[in-house]
Number of protein chains: 2
Amino acid sequence: MAEAAHLAIGDLARLTGTKVNTIRFYEEGGLLPQAERTASGRRIYRDADTKRLAFIRQSRNLGFPLDAVRELLTLADDANQPCEAVDRIARVHLAEIDRKIADLSALRSELSRVIGSCSHGTVADCKIIETLAPHTDG
Amino acid sequence: MAEAAHLAIGDLARLTGTKVNTIRFYEEGGLLPQAERTASGRRIYRDADTKRLAFIRQSRNLGFPLDAVRELLTLADDANQPCEAVDRIARVHLAEIDRKIADLSALRSELSRVIGSCSHGTVADCKIIETLAPHTDG
DNA sequence: ATACAACCTCCAGTTACTGTAGGAGCAAGC
DNA sequence: GCTTGCTCCTACAGTAACTGGAGGTTGTAT
Ligand SMILES: [Zn+2]
Ligand SMILES: [Zn+2]
Ligand SMILES: [Zn+2]
Ligand SMILES: [Zn+2]
């Protein structure tokens, strides 16, 4: 039961591995509620804030964009609903990741091919440069 | 010999599949030279500009960042140099792509695992939400 | 009393564009 | 000659998610 009554923004930052500016950024974007303030205007946080920020950070670590995190936070607050919406958000995100991987893989294969075609002469003969330049044959 | 003497920015845009604003953006960023102007201030382009822009676009299609494109353009103008520097830029870029693919693949596998663990009950029991929330066990 | 750390607000910068506002120029048709 | 409509011009805001810094105040420790 020996819990700190409240935390300063720097404490919260340390606890969650978040930059102070980022915490303020989340507040501005509505991901965290407007923090209580001391008489002199400093932000005060409690356990619930720490948990909420940890949730945000974990979501970000899984790559969810902030819009998705916002939705996940709302859903998480409604414990009795079915988790369908949660699943859907996660699957949409997974599909997006798959798309990115596919794009990068195609790029990688093309770039690798181009690099492999270089026979290390002068720029005039370089196949890499040739690939980039417009083809003026006809 | 029936070549157009000069092109308007819209013509260049059409020829290269580039947005007009993007061409101006490249000029501002030094990737394209300051365009000649008509008496009324409109930009004029010639074949060399079309080629340069095509080179930029092709480089971008291979994912090179603009800083790299700038270097590649400089190198391409110096035909007698060895192409070492070109190769190096390309390989650095390839390494970056590989890094991104690795990051995304790790993310994908973790996210996929999390999604698979959901047994479709209420939010209170959802393993996805549980994964995102901080663990209060001990 | 005096450092010095930590806090505050506001704003610029990152990447590579994209879109828009507000205005001027140019070609075609009448 | 005039209007219509397309293209062009500059300049700036917005995108995603922060990050860093300037300039100023507050809290704490010596
Ligand atoms: Zn080479
Ligand atoms: Zn080469
Ligand atoms: Zn489910
Ligand atoms: Zn679930």
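Predicted model only: the values in this text are computed from it and were never measured.

Cut-offs and rules
- Residues numbered from 1 in each chain as written.
- Chains lettered and ligands numbered in written order.
- Predicted model: local features only at pLDDT ≥ 70, side-chain atom pairs only at ≥ 80, totals over all residues.
- Heavy atoms only, no water.
- Donors = N, O, S within 2.8 Å, 3.2 Å for Na, K, Ca; no water.
- Helix = DSSP H or I, 4+ residues; strand = E, 2+ residues; numbered from the N terminus.
- Near = heavy atom within 4 Å.
- Polar contact = N/O pair within 3.5 Å; in protein donor to acceptor, adjacent residues only side chain to side chain.
- Nonpolar A, V, L, I, M, F, W, Y, C, P; charged D, E, K, R; others polar.
- Buried < 20%, exposed > 50% of the residue type's maximum accessible area, 1.4 Å probe, protein only.

**Here we look at the coordination of the zinc ion (ligand 4)**
In step 1: The protein atoms that coordinate the zinc ion (ligand 4) are A:C83 (SG), B:C118 (SG) and B:C126 (SG), at distances of 2.1 to 2.3 Å.
In step 2: The distance between the zinc ion (ligand 4) and the zinc ion (ligand 3) is 3.0 Å, with A:C83 acting as a donor to both metals. Remark: B:C126 occurs in the loop between helix 5 (84–116) and helix 6 (127–132) and A:C83 occurs in the loop between helix 4 (66–76) and helix 5 (84–116); the pair is interchain, linking two chains.

**A short note on the protein's contact with DNA strand D**
In step 1: Residues in contact with DNA strand D amount to 19 residues; listed here are only the nearest, A:N21, A:T22, A:R60, B:G10 and B:R24.
In step 2: Backbone atoms, meaning sugar and phosphate, make up 75% of the atoms of DNA strand D lying within 4 Å of the protein.
In step 3: Interatomic distance of 3.3 Å between a side-chain N/O atom of A:K19 and a phosphate oxygen of DNA strand D.
In step 4: Taking A:Y26, its side chain carries an N or O atom lying 3.0 Å from a phosphate oxygen of DNA strand D.
In step 5: Looking at the surface near DNA strand D, the elements that each hand over two or more residues are helix 2 (20–28) and helix 3 (47–61) of chain A together with helix 1 (9–16) of chain B.
In step 6: Tallying contributions element by element places helix 2 of chain A first for the surface near DNA strand D, with four residues.
In step 7: Of the residues that constitute the surface near DNA strand D, the class distribution is six nonpolar, five polar and eight charged.

**Describing the coordination of the zinc ion (ligand 3)**
Ideal geometry at a metal centre gives angles of 109.5 degrees when four donors are arranged tetrahedrally and 90 or 180 degrees when six donors are arranged octahedrally.
In step 1: Distances from the zinc ion (ligand 3) to its protein donors, A:C83 (SG), A:D87 (OD), A:D87 (OD), B:C118 (SG) and B:H120 (ND1), fall within 1.9 to 2.8 Å.
In step 2: Residue class for A:D87 comes out buried when judged on its relative accessible area of 4%.

**A few points about the protein's contact with DNA strand C**
In step 1: If you check the shell around DNA strand C, you find 19 residues, and the closest are A:G10, A:R24, B:N21, B:T22 and B:R60.
In step 2: Within 4 Å of the protein, atoms of DNA strand C come from sugar and phosphate in 72% of cases.
In step 3: With respect to DNA strand C, the side chain of A:R37 contributes an N or O atom lying 3.1 Å from a phosphate oxygen.
In step 4: Note that a phosphate oxygen of DNA strand C is positioned 2.5 Å from one of the side-chain N or O atoms of B:R60.
In step 5: If you list the elements that add at least two residues to the surface near DNA strand C, you get helix 1 (9–16) of chain A together with helix 2 (20–28) and helix 3 (47–61) of chain B.
In step 6: Looking at the surface near DNA strand C element by element, the count peaks at four residues for helix 2 of chain B.
In step 7: Residue composition of the surface near DNA strand C, by class: six nonpolar, five polar and eight charged.

Function cannot be read off these values alone, since they describe shape.
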